[in-house]
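This is what each chain is made of:
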Amino acid sequence: MAKNRFEQVNEVQPDAITLVLKRDNDGASGSVVLPAAASGGRLTTDQVSAQLPAQDAFRGAIRLANDVKLAIVVCDPDGVWKSEWGDLYQAID
């Protein structure tokens, strides 16, 4: 079975759900950002989840993306991403 592919970005994107991963003293965590601009007028402000364990944030992003029919991008400056979640790629400008 082919792995899922996710674009790696350097900042939250206005047209996609952004999974923001980080590493700190407590380990790896993440949050999910749903920009108001991507909501088709349903939201007036960006929605940001609480910090969750990284895997829980990943699963939450997948569920949200399926519900609202948006792409997911990943902001992962600390290298938290796990290969079993899929492949990360960077778009060439």
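These figures come from a predicted structure and were not determined experimentally. (Residues numbered from 1 in each chain as written. Predicted model: local features only at pLDDT ≥ 70, side-chain atom pairs only at ≥ 80, totals over all residues. Heavy atoms only, no water.)

Looking now at the overall build of the protein chain. Scanning the protein chain from N- to C-terminus turns up one helix and seven strands. Along the protein chain, from the amino end to the carboxyl end, the secondary structure elements read β-β-β-β-β-α-β-β. For a compact globule of 93 residues, the expected C-alpha radius of gyration is about 12 Å, and the protein chain comes in at 13 Å, within 12% of that figure. Taking the principal axes of the C-alpha coordinates as reference, the protein chain spans close to 35 × 30 × 25 Å. In the protein chain, which comprises 93 residues, the proportion classed as buried is 33%. Summarising the internal contacts of the protein chain: among those between residues at least 6 apart in sequence, 62% fall at separations of at least 24. Carbon together with sulfur atoms contributes 47% to the accessible area of the protein chain, which is approximately 5,900 Å² in total. (Helix = DSSP H or I, 4+ residues; strand = E, 2+ residues; numbered from the N terminus. Rg over C-alpha atoms; globule rule 2.2 N^0.38 Å. Buried < 20%, exposed > 50% of the residue type's maximum accessible area, 1.4 Å probe, protein only. Contact = heavy atoms within 4.5 Å. Areas by Shrake-Rupley, 256 points an atom, 1.4 Å probe, with all protein chains shown as cover.)

With that settled, consider the nonpolar core. Residues Ile 17, Leu 19, Leu 21, Ile 72 and Trp 81 are the most contacted members of the largest nonpolar core, which totals 16 residues. Of all the elements in the fold, those that place two or more residues in this core are β2 (17-24), β3 (27-34), α1 (54-68) and β6 (72-75). Take this core: its biggest share by element is five residues, from α1. In contact with Leu 21, not counting residues within four places along its chain, are Ser 29, Gly 30, Ala 54, Val 74, Cys 75, Asp 76, Pro 77, Val 80, Trp 81 and Trp 85. (Core = buried A, V, L, I, M, F, W, Y, C linked by side-chain atoms within 4.5 Å.)

As a further point, take unusual backbone geometry. A positive phi is found at Lys 69, a non-glycine position, where the angle reads about 60°. Counting through the fold element by element, Lys 69 comes out in the loop between α1 and β6. Since its relative accessible area comes to 68%, Lys 69 is described here as exposed.

Okay, the pairing of β2 next. Regular strands place their side chains on alternate faces of the sheet. Taken together, the four bridges between β2 and β6 define a ladder with parallel strand orientation. Bridge pairing links Ile 17 to Ile 72 in β6. Where β2 meets β3, seven bridges bridge the pair, whose relative direction is antiparallel. Paired with Leu 21 across the two strands is Gly 30, which belongs to β3. Connecting β2 to the antiparallel partner β3 that follows it, the hairpin turn spans two residues. (Pairing = 2+ DSSP bridges.)

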